[in-house]
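Each chain, written out:
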Amino acid sequence: QEVTGLAPCGGNLCLSRHARHEGLAVVSLRDPSSPVVLGVAPLAGHGADVAVQGATAYVAEGHHGVGVYDVSRPGQISLVQRLDPGEKIVSVAARKGLVVAASHQRDLYVYSLEGGTALLAHVRSDRKISRVRLLPGQLWVLDDQEQWVEVWDLSDPAQPVKVGEHRDNAALYFHLRFQGDAAFG
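A quick note: this is a predicted structure, and the numbers were derived from the prediction, not measured.

Caption draft 1: Focus on the state of the cysteines. Counted by the stated rule, this structure contains one disulfide. Through a disulfide, Cys-9 is tied to Cys-14; the S-S separation comes to 2.4 Å. Judged by the sign of its S-S torsion, about 100 degrees, the bond between Cys-9 and Cys-14 is right-handed. Judged by its relative accessible area of 0%, Cys-14 is buried.

As structure tokens, then:
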């Protein structure tokens, strides 16, 4: 089963797989040479990506939107709700009270997690989307050819504003990890 997304979840790792039967898995890496699957959950669609905030995993499930799962007890993963904007969702990102769902057809949906889940904004990218990432105050969108990264300002999540793009080494920029002013590849 192809792994399509990885995200730290507690002291474990959540992964999405291109499968329905066991599309979301929580894996212990306590002994990295011998990973242990702690729990799995079936998905409504094929898992395309996963993001985690706290004890909640958000799984991009294609035409079934985003599945929201409680992973606080890895052996008993449970579906909490579904975010369904009515399009095929290919990527998802979560950070500090926000979730962004991205469709392959250029649509970006920004949800607030404060006091329940509410759609804050729906905007369109200039290109078809492969992946999204949330950074402090920004949304990065990688196109499906991995040639462009759009940068969106989310200082007001209800009104995202595209502020720029990277063309050279787009995939490299997108996959960098940041800590303070330092970037790590």
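Caption draft 2: The arrangement of unusual backbone geometry in detail. With a phi angle near 85 degrees, Arg-106 is a residue other than glycine that sits in the positive phi range. Counting through the fold element by element, Arg-106 comes out in the loop between β10 (98–103) and β11 (107–112). Using a relative accessible area of 28% as the deciding quantity, one classes Arg-106 as partly exposed. Positive phi is not limited to glycine here, since Glu-146 has a value of about 55 degrees. Note on placement: Glu-146 falls in the loop between β14 (138–143) and β15 (149–153).

Caption draft 3: Seen up close, the nonpolar core. If you look at the biggest cluster of nonpolar residues, it comprises 15 residues, and the most contacted ones within it are Leu-108, Val-132, Leu-134, Leu-139 and Val-141. Of all the elements in the fold, those that place two or more residues in this core are β10, β11, β12 (118–124), β13 (129–135) and β14. Setting aside residues up to four positions removed in sequence, Val-132 forms contacts with Ser-91, Val-92, Ala-93, Val-100, Ala-102, Leu-108, Leu-139, Trp-140, Val-141 and Phe-174. Counting residues in each nonpolar core, the second largest holds 14 residues, with Leu-24, Leu-43, Val-52 and Ile-77 among its members.

Thresholds applied
- Residues numbered from 1 in each chain as written.
- Predicted model: local features only at pLDDT ≥ 70, side-chain atom pairs only at ≥ 80, totals over all residues.
- Heavy atoms only, no water.
- Disulfide = S-S within 2.5 Å.
- Buried < 20%, exposed > 50% of the residue type's maximum accessible area, 1.4 Å probe, protein only.
- Helix = DSSP H or I, 4+ residues; strand = E, 2+ residues; numbered from the N terminus.
- Core = buried A, V, L, I, M, F, W, Y, C linked by side-chain atoms within 4.5 Å.
- Contact = heavy atoms within 4.5 Å.

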